[in-house]
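Letter by letter, the chains look like this.
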Amino acid sequence: MNTLILSAADPQAAQTAADLIRDGQLVALPTETVYGLGANGLVEAAVSKIFQAKGRPQDNPLILHVAQASDMERYCHSIPKVAYALAERFWPGPLTMVLPARDIVPKATTAGLSTVALRCPDCAVTRQIIALSGVPIAAPSANLSGKPSTTTAQHVYHDHKGRIPLIIDGGPCRVGVESTIVDLSEGTPRLLRPGGITPEQLLEVLEELVIDKAVTAQLQAGDVVKAPGMKYRHYAPNAQVLIVKGSRESAARYIHAHFVPGDRVLCFREELPLYENCAPLAYGLESQPETLSAGLFAALRELDDPHVSRIYARCPEGGGIAIAIQNRLGKAAAFQTVNEEESL
Ligand code: TXA
Ligand code: MG
């Protein structure tokens with residue numbers, strides 16, 4: 001199969017994509033978070049192609065992308081007031097809400113759950129494609145299962161060339177990490193995955209927010225998982241990732257003491273001069289954490305090379321978008337960290 005890449009600016013792009021979606025085919029779509037691998041979310045046979053293309057476990061449900069908040073009622077029932085308030089404040093945008101699903105949503109999309117995850121992406125061409133196709137688009141991140149997410153059309157091409165008919169190229173994703181997922185299907189809202197909308201922002205609308213354990217720690221065998229995707233190894237390059245915490249100086253001391261050829265350092269741009277002989281790769285500026293989220297997956301993909309044996313990674317501290325970076329790097333590292341300051 002020939003994989004066509006059409007620019008989002010091409011006047012034919014949206015209609016071509018919508019025709020393929022209506023025909024039950026896969027189309028890779030840009031969003032403000034990461035590129036998604038989309039299909040008609042109401043048709044089992046179309047959705048099953050996503051699982052096949054990604055090598056995704058069948059028990060991991062998909063996010064249904066809608067063109068506007070008013071579509072919520074078509075696919076969900078028993079919608080709490082807070083869902084409308086969150087949609088009003090954050091849609092279109094990097095927020096996914098888990099709500100009780102109507103029967104119209106097939107089990108292939110929800111992986112058999114009674115809930116469905118909904119999101120309205122902040123990307124005009126993708127909302128236009130959803131509207132033109134007349135169906136909600138089920139789309140996971142377009143990466144091969146387990147690998148770092150795709151934040152450019154070229155990343156998608158690398159993973160799926162010859163196996164999907166179309167990629168819509170909307171340029172590099174602005175946010176760079178996936179949407180924030182909040183479960184509103186039972187009682188107190190629960191943060192299942194931190195992302196582009198920060199917990200602080202959510203609490204401007206919500207009175208309470210429970211942070212799911214899977215956000216900050218490695219799940220243990222037997223743990224009950226709310227977002228099935230949280231239990232899989234994720235975002236991981238081939239090499240072992242180790243997060244090095246602490247001050248710039250203590251981290252550099254640790255890394256220089258342990259670095260061997262074949263290792264790489266994933267650091268902040270401000271730190272590049274500290275690692276001249278350690279093949280450093282900067283993923284953004286520590287002083288501007290949104291540049292770190294925007295650059296993280298491209299950097300992890302660059303380091304996904306069989307010749308790299310270990311990656312020493314620096315991770316921003318604090319709240320806001322840094323929480324999403326801590327979660328993604330944490331998962332890539334199976335939450336393995338060292339902090340020289342603590343061991344002194
Ligand atoms: O930013 C994003 O959310 C991107 C773009 C393409 O929209 N999509 C994305 O999808 O990250 P994916 O499939 O890579 O991650 C979706 C996560 C998985 O961890 C999945 O288990 C969880 O959402 N999920 C989906 N439906 C769910 C549900 N009904 N209940 C709980 N978790 C759910
Ligand atoms: Mg994903």
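Data block above holds the structure.
How each quantity is defined
Residues numbered from 1 in each chain as written. Chains lettered and ligands numbered in written order. Predicted model: local features only at pLDDT ≥ 70, side-chain atom pairs only at ≥ 80, totals over all residues. Heavy atoms only, no water. Axes fitted to C-alpha atoms, helices over the stretch in contact; angles between N-to-C directions. Helix = DSSP H or I, 4+ residues; strand = E, 2+ residues; numbered from the N terminus. Parallel < 35°, antiparallel > 145°, perpendicular 65-115°, else oblique. Left-handed = near helix turned anticlockwise from the far one by under 90°. Contact = heavy atoms within 4.5 Å. Salt bridge = Lys/Arg side-chain N within 4 Å of Asp/Glu carboxyl O. Buried < 20%, exposed > 50% of the residue type's maximum accessible area, 1.4 Å probe, protein only. Disulfide = S-S within 2.5 Å.

## Quick notes on the packing of helix α10 (residues 289–302) against helix α11 (residues 322–332)
Link 1 in the chain: Here α10 crosses α11 at 30 degrees, and the two axes come no closer than 10 Å. If you check the angle between α10 and α11, you find them roughly parallel. Here the hand of the crossing between α10 and α11 comes out left-handed. Two secondary-structure elements touch here, α10 through Pro289, Leu292, Ser293, Leu296 and Phe297 and α11 through Ile325, Arg328 and Leu329.

## A short note on the pattern of salt bridges
Side-chain pairs of opposite charge can arise whenever the charged atoms involved come near each other.
Link 1 in the chain: For the coordinates displayed, the defined rule picks out 11 salt bridges.
Link 2 in the chain: A salt bridge links Glu178 to Arg328; its shortest N-O distance comes to 2.8 Å. With Glu178 in the loop between β8 (166–169) and β9 (180–183) and Arg328 in helix α11, this pair connects stretches of sequence that are 150 residues apart. With respect to burial, Glu178 and Arg328 carry one shared label: buried.
Link 3 in the chain: Salt bridges sharing partners connect three or more residues here, namely Arg248, Glu271, Glu286 and Arg314.

## Focus on the state of the cysteines
Link 1 in the chain: Applying the stated criterion across every chain yields a total of 0 disulfides.
Link 2 in the chain: Cys173 supplies the cysteine sulfur nearest to Cys123, a cysteine that is in no disulfide, at a spacing of 8.1 Å.
Link 3 in the chain: Summary of cysteine pairing: Cys315 is not part of a disulfide, and the nearest cysteine sulfur, belonging to Cys267, is at 13 Å.
Link 4 in the chain: Judged by its relative accessible area of 11%, Cys315 falls in the buried class.

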